[in-house]
Amino acid sequence: MKTNYLAILACAVINMLLGMGWYGVFAKPWMEGHGLSPEDAENMSGMNYGVSIGAALVAALIVSMIWRRMGVCTWADGLKSGAALGVLGLVGTIVGYMFAQINFETSMIDGGFAFIQMTLFGLVLGGWVKK
């Protein structure tokens, strides 16, 4: 199997679309949980989004490398394996936020995003394989 850079790019687009939808729905409790005002959110720079895209590209590349080594090459296997990675992100966020004394609702918002993100990355990268 070869690295499918188009699938990795698709994951970055999925990341941005998911983020717009997810954090659009949970904007108010997310901002409150992180102590942000609506003005703070409006003043986020383009650098925030650039870093987010870059991080999504790196994450998708790493998942792609892991899938290649594991032999994941179906949509179903990618979905299951991606969900397993997503659980790691969810649990890690919950524990980290607990120690930072950030409320559980906020940890579920951010951890839930990580879970869905990795599940979708796994699905795309598992099923869209270049041989």
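Before any of the text, the structure's been laid out above.
Notes on the structure follow. (Residues numbered from 1 in each chain as written. Predicted model: local features only at pLDDT ≥ 70, side-chain atom pairs only at ≥ 80, totals over all residues. Heavy atoms only, no water.)

Structural notes on the packing of aromatic side chains
Applied cut-off: Aromatic contacts are taken between Phe, Tyr and Trp rings whose centres are within 6.5 Å, Trp giving its six-membered ring; a plane angle under 30 degrees counts as stacked, one over 60 as edge-to-face, and the others as tilted. When a residue's accessible area, from a 1.4 Å probe over protein chains only, is under 20% of the maximum for its type it is buried; when over 50% it is exposed; and in between it is partly exposed.
Applying the stated criterion to the full structure yields three aromatic pairs. With a centroid separation of 5.5 Å and 65° between ring planes, the pair formed by Tyr23 and Trp30 is classed as edge-to-face. Relative accessible area serves as the criterion here: at 22%, Tyr23 is assigned to the partly exposed category. Among the residues examined, Trp30 registers a relative accessible area of 19% and is labelled buried. Every member of this aromatic cluster is reached through a ring pair, and the members are Tyr23, Trp30 and Phe113.

Examining the nonpolar core
Note the threshold: By nonpolar core is meant a set of buried Ala, Val, Leu, Ile, Met, Phe, Trp, Tyr and Cys residues that side-chain atoms within 4.5 Å join together. Helix and strand definitions here come from DSSP, where helices need a minimum of 4 consecutive H or I residues and strands a minimum of 2 consecutive E residues; each element is numbered from the N-terminal end.
If you look at the biggest cluster of nonpolar residues, it comprises 13 residues, and the most contacted ones within it are Cys11, Ala60, Val63, Trp67, Phe121 and Leu125. Elements that contribute at least two residues to this core include exactly helix H1 (5-25), helix H4 (46-70) and helix H6 (104-127). Formed by six residues, the second largest nonpolar core is a distinct cluster that contains Leu18, Trp30, Ile109 and Phe113.

Considerations on empty space enclosed by the protein
Definition in use: Using only the protein atoms, space was sampled on a 1 Å grid; points where a 1.4 Å probe fits but cannot get out form cavities, open sets with protein on both sides within 12 Å along at least five of seven lines form pockets, and lining residues are those with an atom within 4 Å of a point. Grid points are joined across faces, edges and corners, and a volume is the space filled by probe spheres set on the points. By the convention adopted, Pro, Cys, Tyr, Trp, Phe, Met, Ile, Leu, Val and Ala count as nonpolar, Lys, Arg, Asp and Glu as charged, and the other residues, Gly among them, as polar.
Counted according to the given criterion, the structure contains one cavity of 30 Å³ or more. Roughly 100 Å³ of volume is contained in the largest cavity. Residue lining of the largest cavity: Met1, Lys2, Asn4, Ser64, Trp67, Arg68, Val72, Leu125, Trp128, Val129 and Lys130, and that is the complete set. Looking at the lining of the largest cavity, the element that brings in the most residues is H4, giving three residues. Looking at the lining of the largest cavity residue by residue, the classes come out as six nonpolar, two polar and three charged.

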